[in-house]
Protein chains: 4
Amino acid sequence: MAEDILDLQDHCVELLKERGVTLEEIADCARYLQADYHVDLTTDELLDSVRAVLSKREVQYAIMTGIALDKAAEEGKLDDSYLIELMMKDAPLFGADEVLAYGICNTYGSIALTNFGFIDKRKYGIIRRLNRAGKNTGKCNTFIDDIVGAVAAAAASRFAHRWTRDVEDDDDK
Amino acid sequence: MAEDILDLQDHCVELLKERGVTLEEIADCARYLQADYHVDLTTDELLDSVRAVLSKREVQYAIMTGIALDKAAEEGKLDDSYLIELMMKDAPLFGADEVLAYGICNTYGSIALTNFGFIDKRKYGIIRRLNRAGKNTGKCNTFIDDIVGAVAAAAASRFAHRWTRDVEDDDDK
Amino acid sequence: MAEDILDLQDHCVELLKERGVTLEEIADCARYLQADYHVDLTTDELLDSVRAVLSKREVQYAIMTGIALDKAAEEGKLDDSYLIELMMKDAPLFGADEVLAYGICNTYGSIALTNFGFIDKRKYGIIRRLNRAGKNTGKCNTFIDDIVGAVAAAAASRFAHRWTRDVEDDDDK
Amino acid sequence: MAEDILDLQDHCVELLKERGVTLEEIADCARYLQADYHVDLTTDELLDSVRAVLSKREVQYAIMTGIALDKAAEEGKLDDSYLIELMMKDAPLFGADEVLAYGICNTYGSIALTNFGFIDKRKYGIIRRLNRAGKNTGKCNTFIDDIVGAVAAAAASRFAHRWTRDVEDDDDK
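All values derive from a computational prediction rather than experimental measurement.

Asker: For this particular structure, what's the right way to read empty space enclosed by the protein?
Answerer: To locate leftover empty space, one rolls a probe as large as a water molecule over the atoms. Counted according to the given criterion, the structure contains 5 cavities of 30 Å³ or more. A volume near 500 Å³ is recorded for the largest cavity. Residue lining of the largest cavity: 34 residues in total, with A:Asn106, B:Asn106, C:Asn106, C:Leu113 and D:Asn106 positioned closest to the centre. Those elements that place two or more of their residues in the lining of the largest cavity are α6 (96-106) and α7 (110-122) of chain A, α6 (96-106) and α7 (110-122) of chain B, α6 (96-106) and α7 (110-122) of chain C together with α6 (96-106) and α7 (110-122) of chain D. Here the residues of the lining of the largest cavity are counted per class, giving 12 nonpolar, 18 polar and 4 charged.

Here's what the structure looks like:
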């Protein structure tokens, strides 16, 4: 049933995998975003945050919508040739992909948005691979690279908020 | 060519019409949003603002993306049965439609967002008709009702900003 | 210490009280926003959601910033006579108050923003009282009415998301 | 009079100058953000965009609010010692400054937000100087560095949108 939360999370993990994205690669992007503050952080330590982000319904809906658009564009199933053209070439000023990504970031506060802007410009790791693969082939990765960036940015932001809080808790004792 | 601004505006007007929405109906929603401040405003006076909103590329991309999603969902062309189910029943907590709409509102500032929230809850005029038609039939209006609300909210906000400015200009003389 | 989470929540509850706002009044606004969906909901049932919203750091910072601005404006302590004038008359197109409020709403997703837009226009309950008191006296309530609306909108949205989830959980059994 | 648009723009330019920021320095940040796409762009070519951004009322209000907060904090005029402490040390997870900055970016669409995230992390030019000066002295630059980043990001985004359009116009002939 579509509303079942656990199922939708599994469904999104499956959709990401099918499009060539693992949770470890997203966690690696999140780690990259935190590297300035925590030099020796491992990807594993960020996997929990990635999973927590993916458990939010708002995030799941954005992932499903974005990936469905990418797939429909590359299969020519969208009834709008202008839109297909824009999406297939990942037109730099097409912004609907970023708008959907902000919907993910927003639920983790203002720091997540800043993180997203940075990794979207730097195109680290899997984001770079998705971006390149979406420009030279019949593949459309217009939405998914921003979605991956947004989930990583949100996970990094969640980690930063929790880490600070724990340190404080320790200080209080 | 996809990047041609004027063409894309015509294209969007055509897409809206095809889905049963005229610019006059959007202008009527904008007028409704301004009615508290200007009792005797006519729909005609807001048509210019609606057209100005539709000339923005960011707005055009959001309209194209939202309408393409609605059409693909109702034709069963999205490769995600969960997403199609959510969209066909216009699930109340599915928020990707509002997120895309905020992309339109945001370009006209914070007042536009407030206007959108109000008309989205009140479902005035064409928004109510779209919303109802999308719930009882094989039609999918999940994205278009929010798009129409956002364009109306943006147009009302643009009008409010300009009207105040003109009055001031007159005062200055 | 400023970073202590629990303390900051108490601090914000205190600030709100000092400006004439109780958590019960915020919960009543949240109840109003959910009344269409749950006729017999009580304010008490929404108090938990209000408290959960107030436990978020992002929300606490917005509350502190907004209330400090209102107080500084009414005490003439802002070194900008233009800004004081705008804030003291709660100029309708001054939008920094809504922008700060969106920071609160955003962390609860797109539904929270729509809820905020609605209650900001309808000015229900304590929001109406704050708004009026801020227009006729030497009091400045420019930021606090939007903050209260945003916390109520976020709490209503949190409740809606949880309620749906619980029902689903029951369905799953 | 507070509502006079031209006056408010002059007022904001004055406020920025008083806090050590020139329009040329903001234009240089905007140029930096466009350097990947236009290698030989000069700061002068972006000054017009900076001025256009500063002519928007929404932007003016955000600038006035942010600078008033910085000044009131460093002069100890805010009636909230927690908030003053957070602002004086520019606490990394204090997000009200970014939220206000997004209000500026949003009016120039999704690309502006991405630009902001990037320059906020990279802290180029005047942004770096403001950030450093706000951490080691009795100076508070918590809001102004984000405001400058947001105006630069908006100006770069405006330039990108216009540049593409002009090229297209030329192509059409």
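Let's pick the thread back up.
Asker: Is there a simple way to think about the interface of chain D and chain C in this case?
Answerer: A common measure of how large an interface is: the accessible area buried when the components associate. Between chain D and chain C, the contact holds 33 residues from the first and 33 residues from the second. Linking chain D to chain C there are 4 residue pairs in polar contact (both at pLDDT 80 or more). Where the side of chain D that touches chain C is concerned, the elements lending two or more residues are α1 (5-18), α4 (57-74), α5 (81-88) and α6 of chain D. Classifying every residue of the side of chain D that touches chain C by side-chain character gives 20 nonpolar, 4 polar and 9 charged.

Asker: For this particular structure, what's the right way to read the pattern of salt bridges?
Answerer: If charged atoms from side chains of opposite charge come close, those side chains can pair. Residue and element names in this part refer to chain C. The tally for this structure, following the rule as stated, stands at 40 salt bridges over all chains. With a closest N to O distance of 3.0 Å, Arg 19 and Glu 74 form a salt bridge. One end of the pair, Arg 19, is in the loop between α1 (5-18) and α2 (23-34); the other, Glu 74, is in helix α4 (residues 57-74), and 55 residues separate them in sequence. The class of Arg 19 is buried, set by a relative accessible area of 8%.

Asker: Sorry if this is basic, but what is going on with the packing of aromatic side chains here?
Answerer: Think of a pair of aromatic rings as described by two things: how far the centres are apart, and how the planes are tilted against each other in angle. Under the definition given, this model contains 22 aromatic pairs over all chains. An angle of 50° between the planes, with centres 5.2 Å apart, marks the rings of C:Tyr61 and D:Phe94 as tilted. Of the two residues, C:Tyr61 is situated in helix α4 and D:Phe94 in the loop between α5 and α6; the pairing between them involves two chains. For the pair C:Tyr61 and D:Phe94, one class covers both residues: buried. Here the aromatic cluster, defined as three or more aromatic residues joined through ring pairs, consists of A:Tyr32, A:Phe118, A:Tyr124, D:Tyr32, D:Phe118 and D:Tyr124. One cation-aromatic arrangement involves A:Lys56 over A:Tyr108; the distance from NZ or CZ to the ring centre is 4.3 Å.

Asker: Can you help me understand the side chain of D:Gln9 in this one?
Answerer: All names here are of chain D. Looking at where Gln 9 falls in the secondary structure, it is placed in helix α1. The class of Gln 9 is buried, set by a relative accessible area of 14%. Not counting chain neighbours up to four residues away, the residues in contact with Gln 9 comprise Arg 51, Leu 54, Ser 55 and Gln 60.

Asker: Just to check I follow, could you spell out a negative patch on the surface for this structure?
Answerer: Residues and elements named next belong to chain A. A contiguous patch of negative charge, built from Glu 24, Asp 40, Asp 44 and Glu 45, is present on the exposed surface. Summarising the element assignment, Asp 40 is placed in the loop between α2 (23-34) and α3 (43-54). When its relative accessible area of 67% is taken as the criterion, Asp 40 is described as exposed.

Asker: Sorry, what's going on with the relation of the copies chain D and chain C here?
Answerer: The two chain copies are related to each other by a rotation about an axis together with a translation along it. Overlay of chain D on chain C (RMSD 0.0 Å): rotation 180°, translation along the axis 0.0 Å. Interpreted geometrically, this transformation is the action of a two-fold axis. A high fraction, 100%, of the interface residues of chain D reappear at the interface in chain C, so the copies pair face to face through one surface.

Asker: Help me understand the interface of chain A and chain B in this model?
Answerer: On the chain B side, the residues contacting the 33 residues of chain A number 33 residues. Roughly 3000 Å² is buried in total at the junction of chain A and chain B, and carbon and sulfur atoms are behind 69% of that figure. At the junction of chain A with chain B, the criterion picks out 2 salt bridges. The tally of links between chain A and chain B comes to 4 residue pairs in polar contact (both at pLDDT 80 or more). Elements supplying a minimum of two residues to the side of chain A that touches chain B: α1 (5-18), α4 (57-74), α5 (81-88) and α6 of chain A. At 9 residues, α4(A) tops the list of elements feeding residues into the side of chain A that touches chain B. Of the residues that constitute the side of chain A that touches chain B, the class distribution is 20 nonpolar, 4 polar and 9 charged.

Definitions and cut-offs
Sequence order as written defines the numbering, with residues in each chain counted from 1. Just so you know, chain letters begin at A and ligand numbers begin at 1, following the order they were written in. Where totals are concerned, whole chains, interfaces and linings use all residues; where local detail is concerned, this predicted model gives features only for residues with pLDDT of at least 70, and gives and counts side-chain atom pairs only at 80 or more. As a rule here, side-chain values cover all heavy atoms of the structure and leave hydrogens and water aside. Definitions used for this entry: grid spacing 1 Å over protein atoms alone; cavity, a set of points where a 1.4 Å probe fits but cannot get out; pocket, an open set with protein on both sides within 12 Å along at least 5 of 7 lines; lining residue, one with an atom within 4 Å of a point. Grid points are joined across faces, edges and corners, and a volume is the space filled by probe spheres set on the points. Think of it this way: any DSSP run of H or I at least four residues long counts as a helix, any run of E at least two long counts as a strand, and we number them from the N terminus. Note that Gly is not counted as nonpolar here; it falls among the polar residues with everything else outside the nonpolar set of Ala, Val, Leu, Ile, Met, Phe, Trp, Tyr, Cys and Pro and the charged set of Asp, Glu, Lys and Arg. Two residues form a contact once any of their heavy atoms are found within 4.5 Å. Any N or O atom pair separated by 3.5 Å or less is treated as a polar contact, with the protein-specific requirement of one donor-capable and one acceptor-capable atom, and with residues adjacent in sequence counted only for side-chain atom pairs. In the sections that follow, a salt bridge refers to a side-chain nitrogen of Lys or Arg positioned within 4 Å of a carboxyl oxygen of Asp or Glu. Each residue's exposure class comes from its accessible area (1.4 Å probe, protein chains only) as a fraction of the maximum for that residue type: buried when under 20%, exposed when over 50%, partly exposed otherwise. A pair of Phe, Tyr and Trp rings is counted when the ring centres sit within 6.5 Å of each other, with Trp represented by its six-membered ring. The angle between the planes then sorts it: under 30 degrees is stacked, over 60 is edge-to-face, the rest tilted. Definition used: whenever NZ (Lys) or CZ (Arg) falls within 6 Å of the ring centre and also within 35 degrees of the ring normal, the charge is taken to sit over that ring. Like-charged residues within 9 Å of one another, or nonpolar side chains (Val, Leu, Ile, Met, Phe, Trp, Tyr) within 5 Å, are grouped into patches, provided each residue has over 30% relative accessible area and no salt bridge. Per-residue accessibility takes into account occlusion by the displayed protein chains alone, with areas from the Shrake-Rupley method and a 1.4 Å probe. Here the positive residues are Lys and Arg and the negative ones are Asp and Glu; neither His nor the chain ends is included. Charge positions come from single atoms, namely NZ of Lys, CZ of Arg, CG of Asp or CD of Glu. For this overlay, a least-squares fit was computed on C-alpha atoms, restricted to residues scoring pLDDT of at least 70 in both copies. Buried area is a sum: the accessible area each of two parts loses on coming together, probed at 1.4 Å, counted once for each and added.

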